[in-house]
Amino acid sequence: NDSNGNPRTRGMLVRKFTGDSTPYTFPTPRPIRLVKEWPEETPFEKKDFFRADEADDENFYTLPRLVYHIDEPAVAALTQYYRSNIPAGSNILDICSSWVSHYPLEFKDTMKRISA
């Protein structure tokens, strides 16, 4: 990491942003249930789960892909949501971990454990 906390990867300087490093703020709404009733039978067919590229995954993962999958306002919203809804001292299993975290910066000091 450089003096600003940015990681260097293969000679490239990559800007790492978290929800704490953006000017965006969002209200934390109450949860909304998106599905009112589930259908009796699945609405999907087997073909709905085929990949567009059926090539070997090893080719895809040969080089690291340091990309953001959501935009900066979405990162800020997630960071603020986590801060408001995950109590201090929690154990967190981050099943969506990446090369960049969306957790608030203080979580490394306030959470019991974060595993990825």
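None of the values given here were measured: they were computed from a predicted structure.

Applying the stated criterion across every chain, the model contains five aromatic pairs. The interplanar angle of 65 degrees and the centroid separation of 5.7 Å between the aromatic rings of Phe44 and Phe49 together place this pair among those described as edge-to-face. Phe44 sits in the partly exposed class, given a relative accessible area of 49%. Owing to a relative accessible area of 62%, Phe49 belongs among the exposed residues under this scheme. Ring centres 5.7 Å apart and planes at 20 degrees place the aromatic pair Tyr103 and Phe107 in the stacked group. In this structure, Tyr103 and Phe107 share a single accessibility class: buried.

Another point: the layout of surface pockets. Computed from the structure, the largest pocket encloses a volume of approximately 270 Å³. As for the largest pocket, its lining consists of 16 residues, and the residues nearest its centre are Cys96, Ser97, Ser98, Val100 and His102. Its residues assigned to classes, the lining of the largest pocket shows ten nonpolar, five polar and one charged.

By the element assignment, Thr79 lies in helix α2 (residues 72-85). Here His102 takes part through its backbone oxygen, which lies 2.7 Å from a polar atom of the side chain of Thr79.

Conventions we followed
- Residues numbered from 1 in each chain as written.
- Predicted model: local features only at pLDDT ≥ 70, side-chain atom pairs only at ≥ 80, totals over all residues.
- Heavy atoms only, no water.
- Phe/Tyr/Trp six-rings, centres within 6.5 Å; stacked < 30°, edge-to-face > 60°.
- Buried < 20%, exposed > 50% of the residue type's maximum accessible area, 1.4 Å probe, protein only.
- 1 Å grid on protein atoms, 1.4 Å probe; cavity = no way out; pocket = protein on both sides within 12 Å on 5 of 7 lines; lining within 4 Å.
- Points joined across faces, edges and corners; volume = space filled by probe spheres on them.
- Nonpolar A, V, L, I, M, F, W, Y, C, P; charged D, E, K, R; others polar.
- Helix = DSSP H or I, 4+ residues; strand = E, 2+ residues; numbered from the N terminus.
- Polar contact = N/O pair within 3.5 Å; in protein donor to acceptor, adjacent residues only side chain to side chain.

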